[in-house]
Amino acid sequence: MSALHPDQVTAERLAGLRPGAAGRDVDMGLGDGTLTEDPALESPLVLGDRSFDEVTDIVCGYAENPAPKWWLIAFGIASPIAGLGTLFILYMIITGVGTWGLNNQVDWAWDITNFVFWIGIGHAGTLISAILCLLKQKWRTAVNRSAEAMTIFAVICAGIFPGIHVGRVWFAWFLFPIPNYNWIWPNFRSPLLWDVFAVSTYATVSALFWYMGMIPDLATLRDRADARLRKGISKPFSLELPTGHFVVIDAITPDKIRAFVYGLLSLGWRASSRHWHRYEAAYLILAGISTPLVLSVHSIVSFDFATSVLPGWHTTIFPPYFVAGAIFGGFAMVLLLLIPLRQVMPNFKDLLTLRHLENMAKIILLTGMMVGFAYGMEFFIAWYGANEYEAFVFTNNRALPTWISDKGAPYWWAYWAMISCNVLSPQVFWFRKLRQNPLVIWIVALFVTIGMWFERFVIIVTSLHRAFLPGEWHMFFPTLTDIGIFVGSIGIFATLFLLFVKFLPTFAMAELKAVMPAADPHGHHGDHQTGHDPQHGIAGGADQKHQGTANAEGGH
Amino acid sequence: MIRIEKNYDGTVTPAPSPAKHGEGPVMTDDLYEKRLAALAANPALQGENVRLPESAGAGIRGGLAVVGVGCLALTALGAVVHSPTHALASFEVAVFTVLAICLGSLFFTMLFQAINAYWPVTFRRQLEQAAGLIWLPLLGMVAVVLIELFSSLFTGHGVLFQWLTEDPGYLLEKKSGYLNLGFLLVRFAIYAGIWLFLARSILSMSLEQDATGNRMLTRAIRRRASWGILAFALTVAFASFDFLMSLDFRFFSTMWGVYFFAGAAMSALAVTTITFSVLRLTGRLTGIVTDEHYHDLGKLLFAFGACFWAYIAFSQYFLIWYSNIPEETAYYVYRQEGGWQVLSMILVIGHFIIPFMILISRKVKRNVLLAAVMAAYLLIFQVLDLTWIIRPMAYVGVENPAGPGSWWIDVVASVGGLALFASFLMRALASAPLIPMKDPRLATTLEHKNYV
Amino acid sequence: MSIVQTVADYLPIVPKPRPKYVTENGKRVHGLIAEYDTPADVYHAAEKIRDAGYKKWDVHSPFPIHGIEEAMGVKRTILPYIVFKVGLGGAFGGWLLQYWITAVDYTGFTVQGKPYGAWEPFTMIIFELGVLHAAFAALIGMLMLNGLPRWNHPLFSSDRFLGTSQGKFMIGIEATDKSFDPEASRALLESTGGNDIEIIEDDD
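Calculation rules
- Residues numbered from 1 in each chain as written.
- Chains lettered and ligands numbered in written order.
- Predicted model: local features only at pLDDT ≥ 70, side-chain atom pairs only at ≥ 80, totals over all residues.
- Heavy atoms only, no water.
- Helix = DSSP H or I, 4+ residues; strand = E, 2+ residues; numbered from the N terminus.
- Rg over C-alpha atoms; globule rule 2.2 N^0.38 Å.
- Buried < 20%, exposed > 50% of the residue type's maximum accessible area, 1.4 Å probe, protein only.
- Contact = heavy atoms within 4.5 Å.
- Areas by Shrake-Rupley, 256 points an atom, 1.4 Å probe, with all protein chains shown as cover.
- Lys, Arg positive; Asp, Glu negative; His and termini not counted.
- Charge placed at Lys NZ, Arg CZ, Asp CG, Glu CD.
- Pairing = 2+ DSSP bridges.
- Axes fitted to C-alpha atoms, helices over the stretch in contact; angles between N-to-C directions.
- Parallel < 35°, antiparallel > 145°, perpendicular 65-115°, else oblique.
- Left-handed = near helix turned anticlockwise from the far one by under 90°.
- Buried area = accessible area lost by both parts, 1.4 Å probe.
- Salt bridge = Lys/Arg side-chain N within 4 Å of Asp/Glu carboxyl O.
- Core = buried A, V, L, I, M, F, W, Y, C linked by side-chain atoms within 4.5 Å.
- Patch = residues over 30% accessible without salt bridge, like charges linked within 9 Å, V, L, I, M, F, W, Y side chains within 5 Å.
- Polar contact = N/O pair within 3.5 Å; in protein donor to acceptor, adjacent residues only side chain to side chain.
- Arc of directions from axis to C-beta.
- pLDDT = per-residue confidence, 0-100.
- Nonpolar A, V, L, I, M, F, W, Y, C, P; charged D, E, K, R; others polar.

Enquirer: What should I look at first to understand the overall build of chain C in this one?
Expert: Within chain C, the secondary structure is distributed over six helices and four strands. Ordered by position in the sequence, the α and β elements of chain C form the string α-β-α-β-α-α-α-β-α-β. For chain C, the C-alpha radius of gyration of 25 Å lies well beyond 17 Å, the compact-globule estimate for 204 residues. Seen along its three principal axes, the alpha-carbon backbone of chain C occupies a region of about 80 × 40 × 30 Å. Out of the 204 residues belonging to chain C, those deemed buried represent 49%. Across chain C, the fraction of contacts at a sequence separation of at least 24, relative to all contacts at a separation of at least 6, is 75%. A total accessible area of about 9800 Å² is found for chain C, and carbon and sulfur atoms account for 61% of it. Charged side chains of chain C number 18 positive and 25 negative; the gap between the two group centres comes to 6 Å.

Enquirer: I tried to follow the sheet that holds strand β3 (residues 169-174) of chain C on my own but got confused; where do I start?
Expert: Backbone-to-backbone hydrogen bonds join strands into a sheet, with any given pair of strands oriented parallel or antiparallel. Residues and elements named next belong to chain C. A sheet is described by the order of its strands in space; here four strands give the open sequence β2-β3-β1-β4, paired in antiparallel fashion. Two strands bound the open sheet, and with one partner strand each, they are β2 (57-60) and β4 (195-202). Taken over all neighbouring pairs, the strand axes of this sheet differ in orientation by 20° on average, direction set aside. Relative to the sheet, helix α2 (residues 39-51) contacts β1 (28-36), β2 and β3, its axis offset from that of β3 by approximately 20°.

Enquirer: Please clarify how the packing of helix α10 (residues 291-323) of chain B against helix α14 (residues 368-390) of chain B should be interpreted in this entry.
Expert: When two helices pack together, their arrangement is given by the angle between their axes and by how far apart the axes lie. Residues and elements named next belong to chain B. The contact between α10 and α14 brings their axes to 11 Å, and the two run at 25°. Considering the angle they form, α10 stands roughly parallel to α14. α10 and α14 meet at a crossing whose hand is left-handed. Contact residues: α10 offers Tyr294, Leu301, Gly305 and Trp309, while α14 offers Val368, Ala371, Ala375, Leu378 and Asp385.

Enquirer: Would you mind going over the interface of chain C and chain A with me for this structure?
Expert: Interface size is commonly expressed as the accessible surface area that is lost when the partners come together. Facing 74 residues of chain C, the contacting portion of chain A comprises 63 residues. A buried area of about 6000 Å², summed over both sides, lies between chain C and chain A, and 67% of it is on carbon and sulfur atoms. Run the count over chain C and chain A and you get two salt bridges. A salt bridge links arginine 230 of chain A to aspartate 159 of chain C; the nearest nitrogen and oxygen atoms lie 2.7 Å apart.

Enquirer: Looking at this model, I keep getting lost on the nonpolar core. Mind explaining?
Expert: Soluble globular proteins tend to bury their nonpolar side chains together. Ranked by internal contacts, the top residues of the largest apolar core, which has 355 residues, are Trp118 of chain A, Phe108, Trp195 and Phe421 of chain B together with Ile171 of chain C. With 19 residues, the single largest contributor to this core is α10 of chain B. Not counting residues up to four positions away in its chain, the partners in contact with phenylalanine 108 of chain B are Leu127, Ala265, Ala268, Leu269, Leu300 and Phe304 of chain B. Ranked by size, the runner-up nonpolar core spans eight residues in total, among them Ala227 of chain A together with Ile33, Leu155 and Phe161 of chain C.

Enquirer: Whenever I open this one, a nonpolar patch on the surface confuses me. Can you help?
Expert: On the surface, Met345, Val348, Ile349, Ile353, Ile354, Met357 and Ile358 of chain B together with Leu88 of chain C cluster together to form a nonpolar patch covering roughly 610 Å² of accessible area. Sort the elements by how many residues they give to the nonpolar patch and helix α12 (residues 340-359) of chain B lands first, with seven residues. Along the chain, valine 348 of chain B turns up in helix α12.

Enquirer: For this particular structure, what's the right way to read the pattern of salt bridges?
Expert: Oppositely charged side chains are able to pair whenever their charged atoms sit close together. All names here are of chain A. Overall, the coordinates contain 32 salt bridges over all chains when judged by the stated rule. For aspartate 217, the salt bridge goes to arginine 145, with nearest N and O atoms at 3.0 Å. Linking aspartate 217 in helix α6 (residues 191-231) with arginine 145 in helix α5 (residues 140-165), this pair joins segments that are 72 residues apart in sequence. According to the relative accessible area criterion, aspartate 217 is buried, its value standing at 2%.

Enquirer: Teacher, can you tell me more about the side chain of aspartate 248 of chain B here?
Expert: Residue and element names in this part refer to chain B. With respect to the helices and strands, the residue aspartate 248 is situated in the loop between α8 (216-243) and α9 (256-281). Here arginine 250 takes part through its side chain, which lies 2.8 Å from a polar atom of the side chain of aspartate 248. Residue contacts for aspartate 248: discarding those within four places in its chain leaves Tyr334 and Met393.

Enquirer: How do you make sense of helix α6 (residues 182-191) of chain C when you look at a structure like this?
Expert: Counting along an α-helix, one turn takes 3.6 residues, and residues three or four places apart therefore face a common direction. All names here are of chain C. Within α6, the full set of buried residues consists of Ser185, Leu188 and Leu189. Down the axis of α6, the buried set is contained in an arc of 95°. They therefore lie on one face. In α6, the exposed residues that point more than 90 degrees away from the buried face are Glu183 and Ser191. For α6, the elements touching its buried residues are β1, α2, β3 and β4. Once α6 ends, the next one or two residues include glycine 193, with phi positive near 95°.

Enquirer: Mind showing me how you'd approach the pairing of β1 of chain C here?
Expert: In summary, the side chains of a regular strand alternate between the two faces of the sheet. Residues and elements named next belong to chain C. Counting buried residues along β1, nine of its nine residues qualify, which places the element largely inside the surrounding structure. Pairing of β1 with β4, which is carried by six bridges, proceeds in the antiparallel orientation. Residue isoleucine 33 lies in a different strand from β4, and its bridge partner there is glutamate 198. Pairing geometry for β1 and β3, over six bridges, is antiparallel. Bridge assignment links glutamate 35 to a residue of β3, and that residue is methionine 170.

Enquirer: Can you walk me through the confidence of the model for chain B in this structure?
Expert: Regions with low pLDDT carry predicted coordinates that are not meant to be interpreted in detail. Per-residue confidence for chain B gives a mean pLDDT of 87; residues scoring 70 or more make up 92%. Here residues 6-22 of chain B is modelled with pLDDT under 50, and outside its nearest four sequence neighbours on either side it reaches 38 contacts, counting other chains as well.

Enquirer: How should the side chain of glutamine 113 of chain B be read in this particular structure?
Expert: For glutamine 113 of chain B, the position within the fold is in helix α3 (residues 84-114). The contact partners of glutamine 113 of chain B, leaving out residues within four places of it in the chain, are Arg124, Glu128, Thr218, Ile221, Arg222, Ala225 and Arg441 of chain B.

Enquirer: Just checking my understanding: could you explain the packing of helix α4 (residues 110-134) of chain A against helix α15 (residues 438-464) of chain A for this structure?
Expert: All names here are of chain A. Taken N-terminus to C-terminus, the directions of α4 and α15 make an angle of 135°; their axes are 9 Å apart at the nearest point. By the angle between their axes, α4 is oblique relative to α15. In terms of crossing hand, the pair formed by α4 and α15 is right-handed. Taking contact as the criterion, the partners of Trp110, Ile112, Thr113, Asn114, Val116, Phe117 and Gly120 in α4 are, on α15, Thr449, Met452, Trp453, Arg456, Phe457 and Ile460. Partitioning the contact of α4 with α15 into residue classes produces eight nonpolar, four polar and one charged.

Enquirer: Hey, could you run me through the environment of isoleucine 65 of chain C in this one?
Expert: Along the polypeptide, isoleucine 65 of chain C turns up in the loop between β2 and α3 (68-72). For isoleucine 65 of chain C, a relative accessible area of 1% gives the class buried. Placed 23 residues apart in sequence, isoleucine 65 of chain C and valine 42 of chain C show a C-alpha to C-alpha distance of 9.4 Å. With sequence-adjacent residues up to four places away left out, isoleucine 65 of chain C is seen in contact with Pro521 of chain A together with Pro39, Val42, Tyr43 and Phe169 of chain C.

Enquirer: Any chance you could explain unusual backbone geometry here in plain terms?
Expert: Residues apart from glycine generally show negative phi values, whereas peptide bonds are mostly found in trans. Omega for the peptide link from leucine 148 of chain C to proline 149 of chain C comes to -5°, which places this bond in the cis form. Examined against the element boundaries, proline 149 of chain C turns out to sit in the loop between α5 (123-145) and β3. Although it is not a glycine, leucine 267 of chain A adopts a positive phi angle of roughly 60°. When you line up the elements, leucine 267 of chain A lands in the loop between α7 (254-265) and α8 (273-306). Positioned with a positive phi, aspartate 196 of chain C is a non-glycine residue whose angle comes to about 45°. Among the structural elements, aspartate 196 of chain C can be located in strand β4.

What follows is the structure in structure tokens.
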């Protein structure tokens, strides 16, 4: 992993070739020392007694080492799907929106479902970075970078759908207030125009936030490449084949490319404390303005529906309910991505501990119940409001199964899939053993992701498919193009995420280092920072280290 | 040059290693005892700095109680000389202002415990104390319910609850499954039971920790708080439907519970800020509650007092305004005529724009006096907000709907409620240490700093 | 860093001020750097250098050391004020854009019977544009106040300096500082526990 590392023992430890702290490879479901129930202890955020250099080596290693086999396989699957999805999009643009299963009644279906689904996922990244930063949740440092990356890729996927849904995409510039010879301006009283501004602002600000957070880490990658070039220890390009052989191309020196590209992107960052001061201020400001931004974007998406008079769409709780749902779905996607990465990437478990996963599981439980609260409120008010159309949507278009009543909802399965995935499945996290088990968390996250897609489907299609006159009732059936574009968007997302994992710093290194105990210039409080206390009754007493800190603490 | 090599030394494969079993680490008791001893020796955590004498402010306390009772008596007088509906509405504003403070305090107590929050540990005791006073507004609610009960028994219709009538129309008949007196009493008993249980049990566990130093109580509170927040969300939402939204039984809004919660969270933070400012200005809590803690408290006040409230209020108003469905719009129409439009504009400007512009400043948040002034300002706006919700309902259905009318009744009722609450809060303040003295996270809290 | 120097960095035609110190290679001296082992060491060293009256010096660390601003005597940045003003400007611009288009230039297009100039539907875009401008102000303002981006910096000529973005801590004193003196400054760095003190040349 670390060609630069002067110390052979450390290099092997980092490579996992030598037992010790690096070999903290814990089985699924068992503790790694961070899962303390003792309120007196503060779990460590980085395990394995890592030094700053080791953290750098681990994180930079992901971007510097040749692509591992699992990455090549995953990329080999994801990128063709992305390509196929792009072909479907092209086909749809060339042929027309009629290639989708839309009909006169259901004129929004999978397209807008997918849009809201992806934009919702896109909220967790900025939320982790921004709100958790404001709330001083230090554990965010382990997940914020990948979550922010995920945000941007999800927003890219989201942007596809309304873009192509308007038909005649070459007129998409009509969406912006650009002076033109027809003297036509966009309608600022339309929720869809607010969407244009909200989503594009969100994409821009998220990208700025992500990029700004990466500047110091890109500088680290630049400096490492530079150092290897100066020492003359740069390796030529190599690619591992499935046979275990390597393709090596001598003409290409990746470090030269790295020094140039990372150098360009890191803007001459030189780790100066005067710069850090302004950088931290800017970061906090961006966190501060991103928080209302996250709220506003999904609220505005909810306005697309809630400003209408359509039963099932018009309800005042939509803005916070959509925001809670977005956080819910976004965290599920973060877990869905990070738990497998934790298994396949070396030393990942030292940086993303079980405590991190447990915290995220708790957020899933909390936001899941907020979503459940909103479902309940909607249902209650649909009855309490005594508006029979509203009540009809909730019972006869959504909840009542056709096998109970012949006036039931043909989409009852979608509604109950949503309820069981979003409200029931997270309830397993009430149990400590289950929310500490990465496999269980991953399965629940998968359910939640599916459930959140169904939520949008239920909101959009079940409200639309039956208008006020029974003569206008139509079912929606997706076509191959519908499915192809949706699956393709998953491929695009996965491809972009894999590229990110391979070429950019997967962890916010600088922030990780800043929350390590060794980063404290006043250097005490060792006993809060460690989870290595011997178990009471098993080890029979405090180890020397703690005895020492406790005494030191008594002294001041 | 492209070549193929075997065993190229670039990749890393993690080696499997033995798994570890166990419940997770625990600090040994003797080590924890040492930490507590170190905390007990901390010079800041001694004497009057953290504990008021029992008699502290006894005169003011008594005075406030007298003012409170007197003002509430004046409110009752208002019922006689002016209008019982108006007086009951003013009284409900007062009750709900205090209830909002107590519920918000209960929420933050549970939230901080549930998420293992570090920096607010020093604020938590006063939140617990304020939550523990929830019996006071509950008594007020009992009074409201009893007045409505007797009114409907003897006159056939409610005083303020318009759904209590002998002549229900189509709408009320459809809603009678929920809006009926028997079910209301059952629901009220459930709300009161849950709130009292959560608030009192968390307070008593926290006080017990002060005495025994048992850190596992923190864990017990955390567990209670986790399901407590769920119970809290449901009861607060339905209580706000029962006592506020159903005042106009035609109106409905799914956002309603969140709207009331936003005000409650803000009021609790405002009262906490005022309490701690008074303590700090009188020389208490030196070295314990610092400008750094105030900075963060101010951020919460900014977030809940200006931003979150505005977000929720705007979303509710905007969706109703835009969709323009008559049964919903009527709610805002009442408040845009007869003088209420002035209060509406005051709320928009005074509850959002002004506090936003002022509280965004770092200097204000870190200043003991300015923070308290802003907190008091926001508390007044909580009263105005509730007035805006409740009082127009006193005249709906009357032939020429009147405007604010004899507003002196509103003033005396709210002053009375808040004075009585302040009096009891001062007594609670002196009854226990001002901060959770043996909280396992206290040591970290004391060193809290904002680095940017 | 003086303005002349900053401009000279970006525009090579602008002559740099005459160097006060030159190395034996005939190159101008950028300054001295010293390495420290831990954040605590560099923190305490920073306090001493601040007290010695230096102005043009810096601490380089792979992450922001908490409280180092105080130890260095750095004033709070004015960035928040810049961002606030630009954000308000953006929000006002958002209102102006919508109001002018909807209520002034393009009236007669009634939507749902709402007044042309109603503020309610404008709120969303006012907010979004305010945030957008504030975000750009935060990033660009931070970079400009920091004198970034730049292609290169004399410090990068030191091989050991590259470690400051990984796990090393360094203090660099610039030769343009009024109190700078090659011997005295070196002695000061040594007395604060700095290791491997090195002179940095400016290649121009």
